[in-house]
Amino acid sequence: MTACCKRFLFLIALVGLVAGCSRDEPPSQTAPADSPAVSAAAGLPDVQWPRHGLNDSETRFSPLADITDANVGKLGLAWYFDYPTARGLEATPLVIDGVIYTTGSWSMVFANDAATGQLLWFYDPQVPRSWAVHGCCDVVNRGLAFDKGRLYFGTLDGRLVSLNAADGSVRWQVQTTDPEWPYTITGAPRVIKGNVIIGNGGAEFGVRGYVSAYNLDSGEMAWRFYTIPGNPQDGFENEALKRAADTWGGGEWWKLGGGGTVWDSMAYDPELNLLYIGVGNGAPWNQQIRSPAGGDNLYLSSIVALNPDDGSYVWHYQTTPGETWDYTATQHMILADIDLGAGTRKVIMQAPKNGFFYVLDRQTGELLSAEAYATVTWATHVDLETGRPVEVAGARYLDGATDLHLPGPIGGHNWHPMSYSPDTGLVYIPAQDAPWVYVTDEEFQYRPGYWNTGTDSRIAALPDDPVARQAVLDTVKGAIIAWDPVAGKPRWRVEHAGPWNGGLLSTAGNLVFQGNAGGQFVAYRADTGERLWSFDAQTGVVAPPISFRLGGVQYIAVVAGWGGSMALVGGEALKAGAIANRSRLLVFRVGGQASLPPAVDKPLVIDPPELTASAEQVAAGFKEFMTYCTFCHGDGAVSGGSTPDLRALTPEKHAMWDAIVLGGMHWQNGMVGFGGVLSKEQSDNIHSFVIDRAIFANKEAGDAAVKVEQVVN
Ligand code: CA
């Protein structure tokens, strides 16, 4: 069968799915005065969402005010669209000329009629499913860039693709990474001055970060900026990297990749002609292994300002010198002009993983303020004179202590976009506390293509002892923080059950929208945080909402579908509990009457075979599990819902263990065979650990049941 024919058949299958797409009736001629029909009659102009962060400043503040704090209670589902996958969804939709464009799992692209939901076309870049093993954080994609009828997006396996927006046909595609290295692309490109800018990820696995610009018309590379120096013996690409090399103490970091990937955020100031990139963590995390004599390790964990014409360095601000905790500065950056007390300043704002909210002068990189927005144990504060954090003793885990550190590698804030409302002057942060125990892995060996953190993640696993476990879980939190960047403190906060809640949208209707890990899509008052409306999305929502107006009607849209790194590794720490992935595009309007089909959850049946392995074999399996398995199958083999819960394997699956784990029988789901990496004995030990966890889960449930009976009696 030809590729074209295959695609046609898949399209038919998809159109079949769209049959399940429902929508409300068009407004009637006799609609009441406050209905959308009257708005349409008033000829209100269409308002698009043309760029990833809505605009170059990436504010994610919609100026639309048809939906307000007064009428949001009447918000209802206008239509929905079922995606053909069941993995994480993190995309920001684009809305242009009545079409809503989204990216899905495995870097697929979908174009739907924005008013009706009808699928117009889709494109599958055929990412090899086996590439999933090189992704730290699920097979997600965060969105597209658009310019003059053309779309641009990255693929998990490192390609940059341009499509014709009209029909999804391919204009060009280029490989932006060396396939010999475990690079991935999950971030959205940005279009700036005739080029499309794209970064990549993979620092957990060991790569060297960079950002590249490609010509919009030809796909030819215009420039590339590496964020960290390579092997000094090979010379340096530019003076900025030569200076950076002086901050890398000892070691052969280039053999381990070094890190500094630009995997998500960018912003652009056309007036200053500056492109801002957010740079990620070191590879491996542990600086003792990467750069044993220390140093700041520029430009890890930095905001770097580049000249977008040629990619040359202009300035940088490093949020976490000598990064050793996975404290990326790849988090969302917002440009705004705000008065900090001495006149209006052009600022750039970021809440990176390390827990401090930074306000910088975006022309010079000067630090204006930095205050903790999340729980921070690694530093007391940021010194405004030196611009550097003041670390606490023991923060660098050189002494083998097993204290809880906050933030952990998930960060006080991750990729989930913030939103800045000029109406309220507040930055809305999807924040969290999720601790980690950092201990050097004394047996560390670099494993190309697999996780290489240089820390012993067994120590960070939740303990079995119920009191110790509860003590850890008590530190785990999630919140929306409405941050006042002038005062440097929160003005209100909304608490969530746990971490990994969705990105944010604020609107001129005095509203803030967010989906959460518990499966609710919620509207709050932007000025007070009062909860005004919610919708049962039937799945965890991590992606950020958008808003647009079409035919006189304001819509709110969000991609729903549980997934991403914390959803995979989180285990019990997710707190909201495992939630199924139901991958959908949800679009709302005032008076929307559509409804989702009922969600039916399958109960988790944990019925393990007898454990015949020794305690030593289970312990050995624990180590291998935490090295190779936990980042997709969860701490303690407790699934967050978007990958199979291994404790609940059926007898048939237990019998097929070798075929799946070593042979790669489920490679089409992204579960590659580890036969070239793990021995049969190691695989058996992992199997024993999984059975041990299943038995533990049943024992816990049994104890809980006894407790309930005792209370009742
Ligand atoms: Ca990372």
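Here the structure is a predicted model, which is why all the values come from computation and not from measurement. (Residues numbered from 1 in each chain as written. Predicted model: local features only at pLDDT ≥ 70, side-chain atom pairs only at ≥ 80, totals over all residues. Heavy atoms only, no water.)

## Here we look at the overall build of the protein
Consideration 1: Helix and strand content of the protein: 11 helices and 37 strands.
Consideration 2: Here the protein has a C-alpha radius of gyration of 25 Å; the compact-globule value for 713 residues is 27 Å, and the two agree.
Consideration 3: Taken over the C-alpha atoms alone, the protein extends approximately 75 × 65 × 60 Å along its principal axes.
Consideration 4: In the protein, which comprises 713 residues, the proportion classed as buried is 61%.
Consideration 5: Put simply, of all contacts in the protein between residues at least 6 apart along the chain, 63% involve residues at least 24 apart.
Consideration 6: Approximately 26000 Å² of the protein is accessible, and the part contributed by carbon and sulfur atoms is 53%.
Consideration 7: Side chains of the protein carry 49 positive and 75 negative charges; the gap between the two charge centres is 3 Å. (Helix = DSSP H or I, 4+ residues; strand = E, 2+ residues; numbered from the N terminus. Rg over C-alpha atoms; globule rule 2.2 N^0.38 Å. Buried < 20%, exposed > 50% of the residue type's maximum accessible area, 1.4 Å probe, protein only. Contact = heavy atoms within 4.5 Å. Areas by Shrake-Rupley, 256 points an atom, 1.4 Å probe, with all protein chains shown as cover. Lys, Arg positive; Asp, Glu negative; His and termini not counted. Charge placed at Lys NZ, Arg CZ, Asp CG, Glu CD.)

## Regarding the packing of aromatic side chains
Consideration 1: Within this structure, the stated rule accounts for 38 aromatic pairs.
Consideration 2: Taking the centre distance of 6.5 Å and the plane angle of 70 degrees together, the rings of Phe356 and Tyr358 count as edge-to-face.
Consideration 3: Ring-pair connections join several aromatic residues into one group, and the members of that group are Tyr317, Trp325, Tyr327, Phe356, Tyr358 and Trp378.
Consideration 4: The ring of Phe696 carries the charged tip of Arg693 above its face, separated from the ring centre by 4.6 Å. (Phe/Tyr/Trp six-rings, centres within 6.5 Å; stacked < 30°, edge-to-face > 60°. Lys NZ or Arg CZ within 6 Å of the ring centre and 35° of its normal.)

## Overview of the coordination of the calcium ion
Consideration 1: The protein atoms that coordinate the calcium ion are Glu204 (OE), Glu204 (OE), Asn281 (OD1) and Asp326 (OD), at distances spanning 2.3 to 2.8 Å.
Consideration 2: Sequence spacing of the donor residues for the calcium ion, all on one chain, is E-x76-N-x44-D. A residue pair is termed long-range when its members are at least 10 positions apart, and Glu204 in the loop between β12 (195-198) and β13 (210-215) and Asp326 in the loop between β20 (312-318) and β21 (333-339) qualify at 122 residues. Side by side, Glu204 and Asp326 carry an identical accessibility label, which is buried. (Donors = N, O, S within 2.8 Å, 3.2 Å for Na, K, Ca; no water.)

## Side note on the pattern of salt bridges
Consideration 1: According to the stated counting rule, one finds 35 salt bridges in the structure shown.
Consideration 2: A salt bridge links Lys193 to Asp309; the nearest nitrogen and oxygen atoms lie 2.9 Å apart. With Lys193 in the loop between β11 (190-192) and β12 and Asp309 in the loop between β19 (302-307) and β20, this pair connects stretches of sequence that are 116 residues apart.
Consideration 3: Residue class for Lys193 comes out partly exposed when judged on its relative accessible area of 47%.
Consideration 4: What makes Asp309 partly exposed here is its relative accessible area of 44%.
Consideration 5: Between Arg493 and Glu495 there is a salt bridge; the shortest N-O distance is 2.7 Å.
Consideration 6: Classification of Arg493 by relative accessible area gives partly exposed; the value is 41%. (Salt bridge = Lys/Arg side-chain N within 4 Å of Asp/Glu carboxyl O.)

## Re the state of the cysteines
Consideration 1: What the rule picks out here adds up to 1 disulfide.
Consideration 2: Two residues, Cys136 and Cys137, share a disulfide whose sulfurs are 2.1 Å apart. Residues Cys136 and Cys137 share a disulfide whose torsion about the S-S bond is about -105 degrees; that sign makes it left-handed.
Consideration 3: Lacking any disulfide linkage, Cys629 is separated from the closest cysteine sulfur, that of Cys632, by 9.1 Å.
Consideration 4: Look at Cys629 and you get buried, because its relative accessible area is 14%.
Consideration 5: Cys137 supplies the cysteine sulfur nearest to Cys632, a cysteine that is in no disulfide, at a spacing of 9.0 Å. (Disulfide = S-S within 2.5 Å.)

## Describing the side chain of Ser683
Consideration 1: Checked against the element boundaries, Ser683 lands in helix α11 (residues 680-712).
Consideration 2: Here Ser683 is in contact with Trp657, Asp658, Val661 and Leu662, once residues within four sequence places are set aside.

## Some details on empty space enclosed by the protein
Consideration 1: Overall, the coordinates contain 4 cavities of 30 Å³ or more when judged by the stated rule.
Consideration 2: A volume near 140 Å³ is recorded for the largest cavity.
Consideration 3: Looking at the largest cavity, it is lined by 15 residues, and the ones nearest its centre are Asp441, Arg447, Thr455, Ser457 and Thr627.
Consideration 4: Only α5 (457-460) and α8 (615-633) provide two or more residues apiece to the lining of the largest cavity.
Consideration 5: The element best represented in the lining of the largest cavity is α8, accounting for 4 residues.
Consideration 6: Residue composition of the lining of the largest cavity, by class: 4 nonpolar, 6 polar and 5 charged.
Consideration 7: By volume, the second largest cavity amounts to about 120 Å³. (1 Å grid on protein atoms, 1.4 Å probe; cavity = no way out; pocket = protein on both sides within 12 Å on 5 of 7 lines; lining within 4 Å. Points joined across faces, edges and corners; volume = space filled by probe spheres on them. Nonpolar A, V, L, I, M, F, W, Y, C, P; charged D, E, K, R; others polar.)

## Some points on the domain arrangement of the protein
Reports of interface size often rely on the accessible area that becomes lost once the parts have come together.
Consideration 1: One can read the domain layout of the protein as domain 1 (1-25 + 41-98 + 415-435 + 475-596) and domain 2 (615-712).
Consideration 2: Taken together, the 14 residues of domain 1 in the interface contact 13 residues of domain 2.
Consideration 3: Interface area lost by domain 1 to domain 2 is led by Arg87, Leu568 and Val569, which between them contribute 53%.
Consideration 4: Where domain 1 meets domain 2, there are 0 salt bridges.
Consideration 5: For the pair domain 1 and domain 2, the interface holds 5 residue pairs in polar contact (both at pLDDT 80 or more).
Consideration 6: Considering only residue class, the side of domain 1 that touches domain 2 consists of 9 nonpolar, 3 polar and 2 charged. (Domains from an automatic or database assignment. Buried area = accessible area lost by both parts, 1.4 Å probe. Polar contact = N/O pair within 3.5 Å; in protein donor to acceptor, adjacent residues only side chain to side chain.)

## Thoughts on the sheet that holds strand β27 (residues 419-421)
Consideration 1: Pairing within the open sheet is antiparallel, and its 4 strands lie in the order β27-β28-β29-β30. Only two strands of the sheet have a single neighbouring strand rather than two, namely β27 and β30 (489-496). Strand-to-strand twist across the sheet, computed as the mean angle between neighbouring axes with direction ignored, equals 25 degrees.
Consideration 2: Taken together, the 7 bridges between strand β29 (residues 477-484) and β30 define a ladder with antiparallel strand orientation. Pairing of Ala479 across the sheet is with Glu495, part of β30. (Pairing = 2+ DSSP bridges. Axes fitted to C-alpha atoms, helices over the stretch in contact; angles between N-to-C directions.)

## Thoughts on the environment of Ala567
Consideration 1: Relative to the assigned elements, Ala567 resides in helix α7 (residues 565-569).
Consideration 2: When the C-alpha positions of Ala567 and Asp658 are compared, they lie 26 Å apart, and in sequence the two are 91 residues distant.
Consideration 3: Excluding residues within four positions of it along the chain, Ala567 makes contact with Trp500, Trp562, Leu574, Gly640 and Ser642.

## As for α8
Consideration 1: Over its 19 residues, α8 extends only 22 Å from the first C-alpha to the last, a length that falls short of the 27 Å expected when each residue adds 1.5 Å.
Consideration 2: At Met626, α8 shows its strongest bend, of approximately 55 degrees.
Consideration 3: Taken residue by residue, α8 has Val618, Gly621, Glu624, Phe625, Met626, Thr627, Tyr628, Cys629, Thr630, Phe631 and His633 as its buried positions.
Consideration 4: Remark: Gly634 follows α8 within two positions and exhibits a positive phi of approximately 90 degrees. (Expected span 1.5 Å × (residues − 1). Bend = angle between axes of the 7 residues up to and from the residue.)

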